[in-house]
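For reference, the chains in residue letters:
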2 protein chains.
Amino acid sequence: MSATIRLLLADDQALVRGALAALLELEPDLEVVAQVGRGDEVVAAARAHRPDVALLDVEMPGLDGIAAARALRAAVPACRVLVVTTFGRPGYVRRALEAGASGFVVKDTPAAQLADAVRRVAAGLRVVDPTLAIESLATGASPLTEREQDVLRAAADGGTVADIARATLVSEGTARNHLSAAMGKTGARTRAEAVRIARENGWLLG
Amino acid sequence: MSATIRLLLADDQALVRGALAALLELEPDLEVVAQVGRGDEVVAAARAHRPDVALLDVEMPGLDGIAAARALRAAVPACRVLVVTTFGRPGYVRRALEAGASGFVVKDTPAAQLADAVRRVAAGLRVVDPTLAIESLATGASPLTEREQDVLRAAADGGTVADIARATLVSEGTARNHLSAAMGKTGARTRAEAVRIARENGWLLG
DNA sequence: AACACGGCATGACAGATGTCACGGCAGAAT
DNA sequence: ATTCTGCCGTGACATCTGTCATGCCGTGTT
């Protein structure tokens, strides 16, 4: 087996990215071979540097970490994916694993544990925070249809129904129907509340 | 002058905290003497370990970084403060400096630049991203009154007017008046939009 | 072929929301 | 003492929002 595990880091915050690199470089068997700050640069970097494991953040410009994971698994199957993100939304975990990720770690886990997670992923094991895994199962998949997610996303910045209808290319009445359906499914009594609940559950990719 | 600069790190994400420590420990003249994950542990840690510079995140449980900076300056005047945060909200910069911080750095600045910022702060200089400083001046102080901020904070999770009135201990009519005033000052046409705009400008400590 | 489901749309209705005009009260500034 | 400002409240009004019933279309299931 190879002497060192080659890593790719993807995180939009340069400081965090550099700091993670410094942390991981402390381990003799780990080597950071590439760093990117955008999701749509992941595949190209992986093609160029052939990492064994890619650490991807979910919140990234260009392409979110989940989509980047899917693209990466398709383009460079030899590279395994460990998602490292701020929020442990149940929906994130589920979707990350469906996208082909081997592991899921939140950023408030102890630093000492990260290198271990990387090694396990490199060895072909799955690494998921047990608490998150349970919560993910309990919450279940998103009950929201595509359009319902669309209108919630459009509603996220606080516009009026007219704005939402314009953004989603449907009539105002239809927009209100989708909003109403989403509110029913989330148990919310307000658009804003529905947006918040959907967000917290990871049902909105934004 | 002292051989090494002693540092205190405060960030609620353990992984980021540890990674920053690793990054800064790479510099021969820097030494991380304490790490905490909550704002209300900053002062005690500073008293115990006497750091020269404290790196504080703004978003923290217990006590936000701005308030922690204020408390730290009062309790341990010898320790200078460098705020290191995710969001470069104009209001954050202004309030951080008013709270006695010597510097303000966002987390997507290059990693190489952090050590420099720390050294400058330790030397008694001010360090503020020029772009942020200008934006902060242009945006100006918050035009919102205390109550207006209160109702916006209460409105942030998407409740109804009745919920907001209950949370802020005012009548529904008054709540709507404050909301209306806040919407007028922010140029918003919806509560949710007013919340978003106030957030983006750093006018809501949450 | 019949059916269920999601997306789209319309129309109508009750209730919530945002606006406005008013007035009272306390503290700071003049 | 007077004025100003911010805070609190009431009441009324036009509008927006959320709900419901209903219908059409296309797709995939049975």
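Every value quoted in this text rests on a predicted model; they were computed, and no experiment measured them.

**Student:** Any chance you could explain the protein's contact with DNA strand C here in plain terms?
**Tutor:** The full set close to DNA strand C counts 16 residues, and Thr145(A), Arg147(A), Ser171(A), Arg176(B) and Ser180(B) are the nearest of them. Between DNA strand C and the protein, one listed contact pairs a phosphate oxygen with a backbone N or O atom of Ser171(A) at 2.9 Å. In the environment of DNA strand C, a phosphate oxygen lies 3.3 Å from a nitrogen or oxygen atom belonging to the side chain of His178(A). The set of elements that each furnish at least two residues to the surface near DNA strand C consists of α7 (146-155) and α9 (172-186) of chain A together with α9 (172-186) of chain B. Tallied by class, residues from the surface near DNA strand C come to three nonpolar, nine polar and four charged.

**Student:** What is the right way to look at the sheet that holds strand β2 (residues 30-36) of chain B in this model?
**Tutor:** Hydrogen bonding along the main chain pairs the strands of a sheet, whether they run parallel or antiparallel. Residues and elements named next belong to chain B. Taken together, six strands build an open sheet; the order of strands is β2-β1-β3-β4-β5-β6 and the sheet is parallel. Looking at which strands have only one partner, the edges of the open sheet turn out to be β2 and β6 (127-128). Bridging between strand β3 (residues 53-56) and strand β4 (residues 80-85) involves four bridges; their strand directions are parallel. Bridging across to β4, Leu55 finds its partner in Leu82. Strand contacts of helix α4 (residues 90-98): β4, β5 (103-106) and β6, with the helix running at about 150° to β5, the strand carrying the most contacts.

**Student:** How should I be thinking about the relation of the copies chain A and chain B in this particular structure?
**Tutor:** The operation linking the two copies of the chain is a rotation about an axis combined with a translation along the axis. The two copies are related by a screw operation: chain A maps onto chain B through 180° of rotation and 0.0 Å of translation along the axis, at an RMSD of 0.1 Å. One copy is carried onto the other by what is essentially a two-fold rotation axis. Of every C-alpha in chain A, the one belonging to Ala19(A) sits nearest the axis of rotation, 2.3 Å from it. Taken together, the interface assignments show that 100% of the residues at the interface of chain A recur at the interface of chain B, consistent with an identical surface on both copies.

**Student:** Whenever I open this one, the domain arrangement of chain A confuses me. Can you help?
**Tutor:** The parts lose accessible area when they come together, and the size of an interface is often stated as this lost area. If you check the domain split of chain A, you get domain 1 (5-139) and domain 2 (146-200). For domain 1 of chain A and domain 2 of chain A, the distance between their C-alpha centres works out to 31 Å.

**Student:** Explanation requested: the protein's contact with DNA strand D in the structure shown.
**Tutor:** The environment of DNA strand D is formed by 16 residues, the closest being Arg176(A), Ser180(A), Thr145(B), Arg147(B) and Ser171(B). Near the protein, meaning within 4 Å, the atoms of DNA strand D are sugar or phosphate in a fraction of 63%, with bases accounting for the rest. Interatomic distance of 3.4 Å between a side-chain N/O atom of Arg176(A) and a base oxygen of DNA strand D. A distance of 3.5 Å is found between a phosphate oxygen of DNA strand D and a backbone nitrogen or oxygen belonging to Glu146(B). For the surface near DNA strand D, the elements supplying multiple residues, two or more each, are α9 of chain A together with α7 (146-155) and α9 of chain B.

Definitions and cut-offs
Residues numbered from 1 in each chain as written. Chains lettered and ligands numbered in written order. Predicted model: local features only at pLDDT ≥ 70, side-chain atom pairs only at ≥ 80, totals over all residues. Heavy atoms only, no water. Near = heavy atom within 4 Å. Polar contact = N/O pair within 3.5 Å; in protein donor to acceptor, adjacent residues only side chain to side chain. Helix = DSSP H or I, 4+ residues; strand = E, 2+ residues; numbered from the N terminus. Nonpolar A, V, L, I, M, F, W, Y, C, P; charged D, E, K, R; others polar. Pairing = 2+ DSSP bridges. Contact = heavy atoms within 4.5 Å. Axes fitted to C-alpha atoms, helices over the stretch in contact; angles between N-to-C directions. Least-squares fit on C-alpha atoms with pLDDT ≥ 70 in both. Domains from an automatic or database assignment.

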